[in-house]
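In case you want the letters, here they are:
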Amino acid sequence: MAPNNPYAQYNTNKVMSATPAELTLMLYEGAIKFCNIAIMAIEQDDIQKAHTNIIKVQRIVDEFRATLNHKYPVAEHFDNVYRYLLRRLFEANVSKDKEILEEVKTHLNSMRDTWKEVMKRAKQPTVQDS
């Protein structure tokens, strides 16, 4: 048996104890990280590493789509954005185009920042709570 890796254990505990909102934030952060890795891999002409990391971003975006709650009208807007990102990721993977990945990353950063703001506002007490 391999010795326990404290870093891996910390990450496991972090995920297992996270709220759904925190998990969503972690997914956005992961997608951005993998997008950055893919961009660097393209710059280094490491096609396999770029492909692997683009696929990771696609899987995260697929997860976002799968978990949309369509009883809310805004879900349709998010679904359209996610489908657009998936199409662009496919195009970036086929052509190994880092400019497309930069565009995707810009969208992911914006969505992550919006999500952070939503989380922050959800923690603030309302007038009724005071």
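From a predicted model like this one, the values you see are computed outputs, not experimental measurements.

About the thresholds
- Residues numbered from 1 in each chain as written.
- Predicted model: local features only at pLDDT ≥ 70, side-chain atom pairs only at ≥ 80, totals over all residues.
- Heavy atoms only, no water.
- Helix = DSSP H or I, 4+ residues; strand = E, 2+ residues; numbered from the N terminus.
- Buried < 20%, exposed > 50% of the residue type's maximum accessible area, 1.4 Å probe, protein only.
- Contact = heavy atoms within 4.5 Å.
- Areas by Shrake-Rupley, 256 points an atom, 1.4 Å probe, with all protein chains shown as cover.
- Core = buried A, V, L, I, M, F, W, Y, C linked by side-chain atoms within 4.5 Å.
- Salt bridge = Lys/Arg side-chain N within 4 Å of Asp/Glu carboxyl O.

Colleague: Teacher, can you tell me more about the overall build of the chain here?
Modeller: The helix and strand inventory of the chain stands at five helices and zero strands. The order of helices and strands in the chain, counted from the N terminus, is α-α-α-α-α. Considering the chain as a whole, with its 130 residues, one finds that 30% of them fall into the buried category. Here the contacts in the chain between residues at least 6 apart in sequence split such that 60% fall between residues at least 24 apart. Looking at the chain as shown, the accessible area adds up to about 8,900 Å², and 56% of this sits on carbon and sulfur atoms.

Colleague: I keep staring at the nonpolar core and nothing clicks. Help me out?
Modeller: Grouped burial of nonpolar side chains is what soluble globular proteins tend to show. Ranked by size, the top nonpolar core spans 27 residues in total, and within it Val57, Tyr82, Leu89, Leu101, Val104 and Leu108 carry the most contacts. Counting only elements with at least two residues in this core, the list comes to α2 (20-43), α3 (47-66), α4 (74-95) and α5 (98-123). The biggest single contributor to this core is α2, with nine residues. Setting aside its immediate chain neighbours within four residues, Leu89 contacts Ile54, Val57, Gln58, Val61, Leu101 and Val104.

Colleague: Mind showing me how you'd approach the pattern of salt bridges here?
Modeller: Note that side chains of opposite charge can pair when their charged atoms are close. Applying the stated criterion across every chain yields a total of 11 salt bridges. We note a salt bridge from Lys105 to Glu102, for which the minimum N-O separation is 3.5 Å. Of this pair, Lys105 and Glu102 both sit in helix α5, three residues apart, roughly one helical turn. Take Glu102: its relative accessible area is 32%, and that puts it in the partly exposed class. The closest approach of N and O atoms between Arg121 and Glu117, which form a salt bridge, is 2.9 Å. With a gap of four residues between them, Arg121 and Glu117 both fall in helix α5, about one helical turn apart. Here Arg121 falls in the exposed class, since its relative accessible area comes to 55%. Ionic contacts of the salt-bridge type, sharing partners, join the residues Arg87, Arg88, Glu91 and Glu103 into one network.

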